[in-house]
Amino acid sequence: MGKDKDVSVLFPSVTSFPKTNPTSTCSTPGRYGGRIDLGTITQHNLQQLKRLNQVVFPVAYNEKFYIDVLHVGDLAKLAYFNDIAVGAVCCRIDTSNNQRRLYIMTLGCLAAYRNMGIGKVMVDHVLSLCETDGKMDGVYLHVQISNDSAIEFYRRFGFEIIDVRENYYKRIEPPDAYVLQKTLRGTPPKPLSWPNRVENGVDVDRGGGVENGIEGGIEGGVENGNADNVAEAPVTPVENGLDKSNISEQTLTDNCVESTD
């Protein structure tokens, strides 16, 4: 089962990445002090995004993912803590199933910088984009079914489990994924039951014991690791500057989030 990699192993003496030609779009006080900013992804700092993804996610993203990210404007942002690049969020517009939704492809930050409010800033940015656009039916993403911390994180933002995708992942276990969605317009799909929360080996939703304690997912909240799962999906240009190009491929998706943000 995959696990968030130690950045010091991949990049000796590196625990964060310096800010390179940033264009800050917001500045937020960090939970424990410091400043959180979101900045534009450009050709000058694209390598930082690649290195962050190598550390945070258990799979390699193909080159088209990064080429597309350069052209989506506010749909992709690097997250900075005190001018240090520590995370990123990348989204795309999905017009399948007669809906217009924002799909969160990746959202994550380095383990050393979790639980500091960085994940919340990135999700708030995504929801703000939808509010500004005014024509989004919802926001959705995939989460590995064993990833309790990520599920709970998105639950606090009003996301519901609306579907289960069996064998969604090919390179990590368990292979199944939940589809989490926050409905913004129209009638929301009937949600599935939330998985029971487990603390110290006890099912806190049912009050019963759990054999062998917690079934662990990928630590920190990884929600996709399928290097072969590349599906074509048409994308429509978005008004109000939300989508500044036509990103046409759902590449390697999903998320690594703060576990207790």
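Residues numbered from 1 in each chain as written. Predicted model: local features only at pLDDT ≥ 70, side-chain atom pairs only at ≥ 80, totals over all residues. Heavy atoms only, no water.

Examining the state of the cysteines
No. 1: Within this structure, the stated rule accounts for zero disulfides.
No. 2: A disulfide-free cysteine, Cys90 has its sulfur positioned 7.4 Å from the sulfur of Cys91, the nearest such atom.
No. 3: The cysteine Cys130 is free of any disulfide, with Cys91 supplying the nearest cysteine sulfur at 7.9 Å.
No. 4: With a relative accessible area of 4%, Cys130 lands in the buried category. (Disulfide = S-S within 2.5 Å. Buried < 20%, exposed > 50% of the residue type's maximum accessible area, 1.4 Å probe, protein only.)

Description of the nonpolar core
No. 1: Counting residues in each nonpolar core, the largest one holds 66 residues, and the members touching the most others are Leu49, Leu102, Ile118 and Tyr154.
No. 2: Take this core: its biggest share by element is eight residues, from helix H4 (residues 118-133).
No. 3: Beyond its immediate sequence surroundings of up to four residues, Leu49 is in contact with Ile41, Tyr66, Val69, Leu78, Ala88 and Cys90. (Core = buried A, V, L, I, M, F, W, Y, C linked by side-chain atoms within 4.5 Å. Helix = DSSP H or I, 4+ residues; strand = E, 2+ residues; numbered from the N terminus. Contact = heavy atoms within 4.5 Å.)

As for the packing of aromatic side chains
No. 1: This structure, assessed with the given rule, holds nine aromatic pairs.
No. 2: Summarising the aromatic geometry, the rings of Tyr168 and Tyr169 are spaced 5.1 Å apart at their centres and angled 90° between planes, so their arrangement reads as edge-to-face.
No. 3: The buried category is assigned to Tyr169, whose relative accessible area is 3%.
No. 4: Seen from the ring of Tyr66, Lys50 lies directly overhead, with NZ or CZ sitting 5.4 Å from the centre.
No. 5: Above the ring of Tyr140, the side-chain terminus of Arg101 is found at 3.9 Å from the ring centroid. (Phe/Tyr/Trp six-rings, centres within 6.5 Å; stacked < 30°, edge-to-face > 60°. Lys NZ or Arg CZ within 6 Å of the ring centre and 35° of its normal.)

Describing empty space enclosed by the protein
No. 1: With the rule as written, the count across this model stands at one cavity of 30 Å³ or more.
No. 2: One number sums up the size of the largest cavity: a volume of about 40 Å³.
No. 3: Residue lining of the largest cavity: Leu52, Asn53, Val56, Phe57, Val86, Gly87, Ala88, Gly108 and Cys109, and that is the complete set.
No. 4: Where the lining of the largest cavity is concerned, the elements lending two or more residues are helix H2 (46-56), strand S5 (84-94) and strand S6 (101-109). (1 Å grid on protein atoms, 1.4 Å probe; cavity = no way out; pocket = protein on both sides within 12 Å on 5 of 7 lines; lining within 4 Å. Points joined across faces, edges and corners; volume = space filled by probe spheres on them.)

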